[in-house]
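# Structural characterization, general
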Amino acid sequence: MTSDVSGRSLGNVIKDVKSVLSAHAPPPGIRLELGGQYASQQDAFRGLLLVLALAAASVVAVMVLQFQSFVEALIVLLAAPLSFIGAIGLLLITGTPLNVSSFMGLILLVGLIVKNGIILLDFTRHRMQTDDLPLERAIIEAARVRLRPILMTTLCTLFGLLPLALGLGAGSELQKPLALAVIGGLTLSTPITLFVVPTLLVAIRGRGYRLVRAH
């Protein structure tokens, strides 16, 4: 059997198809298989999941080299799945399906979110090394000093993606899910980077944690 999808998302149509198939089991000896666009989409999702895992591993490796510690790297990376809630939430609010384009937006989010965490924690380590400050004082100062760069880079990205999110211009509808996923994720990731990441780091390391002063 073949059919076309019109006026509805592929995911909603497949959900109805699976509901009908579960209510009417095939007779013995008959095997049912869903193919076409659905099969292609599932193959694409599996490939993108692998890309997402490789991206996360690469980001962790870079941060371990930068901070010389797994703790900071894993805490910063933890902001990514939390920010995915914002991305999925905006997709649900706008009625946009989770497709290949929006999945690519989630992968893009990993790098964008980690960037803000690196900006914050790199200055924290700098203040701890040069002035022998304890972690809590250093990270509070880093949040104050680095607030403007974090907000500027985030807002530039958000406003740059706004035309795509609004569907302006020829062909923009194809990339609209990507733009919405990035906008939703970045909007939530900014307070997570400024509040959740420092709180977790202080809770794990301790308020008085210090680094060896650089000479």
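Use the structure listed above.
Notes on the structure in this doc start here. Since the model is a prediction, treat every value here as computed from it, not as a measurement.

Conventions and cut-offs
- Residues numbered from 1 in each chain as written.
- Predicted model: local features only at pLDDT ≥ 70, side-chain atom pairs only at ≥ 80, totals over all residues.
- Heavy atoms only, no water.
- Helix = DSSP H or I, 4+ residues; strand = E, 2+ residues; numbered from the N terminus.
- Expected span 1.5 Å × (residues − 1).
- Salt bridge = Lys/Arg side-chain N within 4 Å of Asp/Glu carboxyl O.
- Axes fitted to C-alpha atoms, helices over the stretch in contact; angles between N-to-C directions.
- Parallel < 35°, antiparallel > 145°, perpendicular 65-115°, else oblique.
- Contact = heavy atoms within 4.5 Å.
- Nonpolar A, V, L, I, M, F, W, Y, C, P; charged D, E, K, R; others polar.

## Overview of helix α2 (residues 36-67)
With 32 residues, α2 extends 47 Å between its outermost C-alpha atoms, agreeing within 8% with the 46 Å of an ideal straight helix rising 1.5 Å per residue. Phi for Q68, located one or two positions after α2, is positive at around 55°.

## Notes on the pattern of salt bridges
One pass over the structure, following the stated rule, counts seven salt bridges. Close ionic contact of D43 with R46 constitutes a salt bridge, the shortest N to O distance being 2.2 Å. With D43 and R46 both in helix α2 and three residues apart, the pair spans about one turn of that helix. E72 serves as the salt-bridge partner of R205, at 3.2 Å between the closest nitrogen and oxygen. With a gap of 133 residues between them, R205 in helix α6 (residues 172-205) and E72 in helix α3 (residues 70-93) connect regions that are remote in the sequence.

## Regarding the packing of α2 against helix α4 (residues 100-131)
For the pair α2 and α4, the least separation of the axes is 10 Å and the interaxial angle reads 10°. Regarding the angle of α2 to α4, the classification is roughly parallel. Counted together, A44, F45, L48, L49, V51, L52, V59, M63, Q66 and F67 of α2 and V100, F103, M104, L106, I107, V110, V114, I118, L121, D122 and R125 of α4 form the full contact between these two elements. Split by residue class, the contact of α2 with α4 holds 18 nonpolar, one polar and two charged.

Without other data, these values stay purely geometric and don't point to any function.
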